[in-house]
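Single-letter residue listing:
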Amino acid sequence: MSPITWFAIYLTIWWTVLFAVLPLGSRSFHESGVTPPPGVDPGAPVNPNLKRKFITTTWVSAVVFVLFFAIVHFHLVTLPDLPAAT
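Conventions and cut-offs
- Residues numbered from 1 in each chain as written.
- Predicted model: local features only at pLDDT ≥ 70, side-chain atom pairs only at ≥ 80, totals over all residues.
- Heavy atoms only, no water.
- UniProt positions renumbered as here; feature names shortened; annotations may be inferred.
- Helix = DSSP H or I, 4+ residues; strand = E, 2+ residues; numbered from the N terminus.
- Contact = heavy atoms within 4.5 Å.
- Buried < 20%, exposed > 50% of the residue type's maximum accessible area, 1.4 Å probe, protein only.

As annotated in an unreviewed UniProt entry, the protein chain is DUF1467 family protein from Caulobacter segnis.

In structure tokens:
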């Protein structure tokens, strides 16, 4: 596969992991008992910690990508091995 394909696969993994990591550790204004500023939804996070979540997403994605790369590179699972839908 070309490097562009590998990069696209990594980006897909990164976005998937990001949406799994975003809700972790977030507390809303309502849960914290804090009155939100005018115009802010009470369900919005008080402190979303986006920088920390982006860093976490990047290293988790790297681990998942390395596992995926190893599976493809060493032919641990090939298309004929997958069950076919009949």
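There's plenty left to go through after this.
## Some thoughts on the UniProt feature "transmembrane region" (unreviewed entry) in the protein chain
Following the UniProt record, the feature "transmembrane region" (unreviewed entry) maps to residues 6-25 and 54-76 here. Taken as a whole, residues 54-76 contains 87% helix and 0% strand, while its terminal C-alpha atoms sit 30 Å from one another.

## Focus on the side chain of Ser28
Examined against the element boundaries, Ser28 turns out to sit in the loop between α1 (3-21) and α2 (29-32). Each residue touching Ser28, except ones within four places of it in the same chain, is listed here: Pro42, Gly43, Ala44, Pro45 and Val46.

## Description of unusual backbone geometry
With a phi close to 50°, Asn49 is a non-glycine residue in the positive phi region. By the element assignment, Asn49 lies in the loop between α2 and α3 (50-73). Residue Asn49 is classed as partly exposed on the basis of its relative accessible area, which comes to 31%. Phi at His75 takes a positive value of approximately 55°, unusual for a residue other than glycine. Within the element layout of this structure, His75 appears in the segment after α3. For His75, a relative accessible area of 58% translates into the label exposed.

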